[in-house]
Amino acid sequence: MLVVLIVAAIACIIDQITKIIVTSNMKITESHTIIKGFASFTYVKNDGIAWGMDAKLWILIIVTIIAIGIFLFLSRNLKWKSNKFYILTLGFMLGGTLGNFIDRIFRADHSVIDFLDFIIYYPSFSGGFHFEPYDFPIFNIADSFLVVGAIMFLVLILILEPIKNKKEALKNKDNSEEEDVEVVKDNE
């Protein structure tokens, strides 16, 4: 559990430092192009949830506390303690959750600071094949850690664990077949 907390603390500190840099050097809604037509730093405040959807502060606080509790509970699960991938997964999700939670609790307006602004291009077939731009909602480092952690968690439970379980089942089957052969030889 300690390693999960260390990973979470590092993720949270990185998030908070980047937000301090943005709020200290940019005005609200100010934007700086990094790669024209693709990436910018744009300082906005988000008082809702993902993609700026509206939500009551008390609901956000309760949901966040429940999520933190779940991550801490999962980090105490003995089955996963030696799995570095799982430790990073939980650390990333916990750190991202804490980073945005700190904003909600300690900022006077209870908003989250967002600043990573990307335009994503997707294929479109209307009027012939071309790539259409989509201005992805502005987000922050905490959101990135949370999403990467969630993707890692899905990979872990949907791909890696079933593969591991299948290998263990085959190994156990092979061991039991060897024992059966030994029993047959002993009986002869």
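**A few points about the overall build of the protein**
Right, on to step 1. Counting secondary structure elements, the protein contains four helices and four strands.
Right, on to step 2. Residues classed as buried in the protein amount to 30% of the 188 residues present.
Right, on to step 3. Pairs at least 24 apart in sequence give 63% of the contacts found in the protein among residues at least 6 apart.
Right, on to step 4. For the protein, the exposed area adds up to about 12,300 Å²; of that, 68% sits on carbon and sulfur atoms.

**Describing the packing of aromatic side chains**
The description of an aromatic ring pair uses the distance of the two centres, along with the angle that the planes make with each other.
Right, on to step 1. In this structure the tally under the stated criterion is eight aromatic pairs.
Right, on to step 2. Arranged with centres 5.4 Å apart and planes meeting at 65°, the rings of F38 and F118 form a pair that is edge-to-face. Of this pair, F38 sits in the loop between β1 (31-35) and β2 (39-46) while F118 is found in strand β3 (residues 112-124), placing the two residues 80 residues apart along the sequence.
Right, on to step 3. Residue F118 is classed as partly exposed on the basis of its relative accessible area of 24%.
Right, on to step 4. Of the aromatic side chains, those joined through ring pairs into one cluster are F38, F118, Y134, F136 and F139.

**Focus: the side chain of S111**
Right, on to step 1. With respect to the secondary-structure elements, S111 resides in the loop between α3 (84-106) and β3.
Right, on to step 2. S111 sits in the buried class, given a relative accessible area of 2%.
Right, on to step 3. There is a polar contact of 2.8 Å between the side chain of S111 and the side chain of D109.
Right, on to step 4. In this structure S111 touches K45, N46, D47, D103 and R104, once residues within four positions along its chain are discounted.

**Let's talk about the pattern of salt bridges**
Right, on to step 1. Overall, the coordinates contain five salt bridges when judged by the stated rule.
Right, on to step 2. A salt bridge links D103 to K19, with the shortest nitrogen-to-oxygen separation between them at 2.8 Å. A residue pair is termed long-range when its members are at least 10 positions apart, and D103 in helix α3 and K19 in helix α1 (residues 2-25) qualify at 84 residues.
Right, on to step 3. Taking the relative accessible area as the measure of exposure, D103 reaches 1% and is therefore buried.
Right, on to step 4. In this structure, R107 and D103 form a salt bridge, with 3.6 Å as the shortest nitrogen-oxygen distance.
Right, on to step 5. Under the relative-accessibility criterion, R107 is labelled partly exposed at 23%.
Right, on to step 6. Put simply, D15, K19, D103 and R107 are held in one network by salt bridges that share partners.

Conventions we followed
Residues numbered from 1 in each chain as written. Predicted model: local features only at pLDDT ≥ 70, side-chain atom pairs only at ≥ 80, totals over all residues. Heavy atoms only, no water. Helix = DSSP H or I, 4+ residues; strand = E, 2+ residues; numbered from the N terminus. Buried < 20%, exposed > 50% of the residue type's maximum accessible area, 1.4 Å probe, protein only. Contact = heavy atoms within 4.5 Å. Areas by Shrake-Rupley, 256 points an atom, 1.4 Å probe, with all protein chains shown as cover. Phe/Tyr/Trp six-rings, centres within 6.5 Å; stacked < 30°, edge-to-face > 60°. Polar contact = N/O pair within 3.5 Å; in protein donor to acceptor, adjacent residues only side chain to side chain. Salt bridge = Lys/Arg side-chain N within 4 Å of Asp/Glu carboxyl O.

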